[in-house]
Amino acid sequence: MMDVFKLFSRENSSSKNVAKERLRLVLVHDRTNCSPHFLEMIKGDLLNVISDYIEIDEDGLDIKISKTKRSIDDAMVPALIANIPIKKMKAK
């Protein structure tokens, strides 16, 4: 019977971690004054520039604002994180 409880506690822990990560991202977006519309504008601009050089998989595209440690002093700072799957490089 104890195994059943462990299974449910892992599920709750996983859901809790997902919820914490979502809340963290919402707070980062709020602190950087980055609205979803603004993030979409950045995404569009990046796609326009990158599309001159590479063909990307737009379905796998993921652009978000997160936090990262600055290397010079380990301070937490906002960061634009872009995961851009490349289909192929374009010949110029």
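Let me sum up the structure you'll find in this document.

What counts and what doesn't
Residues numbered from 1 in each chain as written. Predicted model: local features only at pLDDT ≥ 70, side-chain atom pairs only at ≥ 80, totals over all residues. Heavy atoms only, no water. Core = buried A, V, L, I, M, F, W, Y, C linked by side-chain atoms within 4.5 Å. Buried < 20%, exposed > 50% of the residue type's maximum accessible area, 1.4 Å probe, protein only. Helix = DSSP H or I, 4+ residues; strand = E, 2+ residues; numbered from the N terminus. Contact = heavy atoms within 4.5 Å. Expected span 1.5 Å × (residues − 1). Arc of directions from axis to C-beta. Pairing = 2+ DSSP bridges. Salt bridge = Lys/Arg side-chain N within 4 Å of Asp/Glu carboxyl O.

**Regarding the nonpolar core**
Buried together is how nonpolar side chains tend to be arranged in soluble globular proteins.
Link 1 in the chain: One finds Leu-39, Leu-47, Ile-50, Ile-54, Ile-56, Leu-61, Ile-63 and Ile-65 forming the largest nonpolar core, which totals eight residues.
Link 2 in the chain: Listing elements by their share of this core, those giving two or more residues are helix H2 (36-50), strand S1 (54-56) and strand S2 (62-69).
Link 3 in the chain: Ranked by the residues each element gives to this core, the list is headed by H2, at three residues.
Link 4 in the chain: Excluding residues within four positions of it along the chain, Ile-54 makes contact with Ile-86, Lys-88, Met-89 and Lys-90.

**Focus: H2**
Because each turn of an α-helix spans 3.6 residues, side chains separated by three or four positions end up pointing in the same direction.
Link 1 in the chain: Here H2 contains 15 residues, and its C-alpha end-to-end distance of 21 Å stays within 8% of the 21 Å for a straight helix at 1.5 Å per residue.
Link 2 in the chain: Looking only at H2, the buried set comprises Leu-39, Leu-47 and Ile-50. Down the axis of H2, the buried set is contained in an arc of 75°. They therefore lie on one face. Opposite the buried face of H2, by more than 90 degrees, sit the exposed residues His-37, Asp-45, Asn-48 and Val-49.

**Re the pairing of S2**
Link 1 in the chain: Where S2 lies against strand S3 (residues 76-83), eight bridges are found, and the strand directions are antiparallel. Within the sheet, the bridge partner assigned to Ile-63 lies in S3 and is Ala-82.
Link 2 in the chain: Connecting S2 to the antiparallel partner S3 that follows it, the hairpin turn spans six residues, and Asp-74 within it adopts a positive phi of roughly 60°.

**A closer look at the pattern of salt bridges**
Link 1 in the chain: Tallied over the entire structure, the rule returns two salt bridges.
Link 2 in the chain: For Glu-55, the salt bridge identified is with Lys-88, shortest N-O distance 3.9 Å. Remark: Lys-88 occurs in strand S4 (residues 86-89) and Glu-55 occurs in strand S1; sequence separation between them is 33 residues.
Link 3 in the chain: For Lys-88, a relative accessible area of 49% corresponds to the partly exposed category.

Read these as spatial facts, not as claims about activity.
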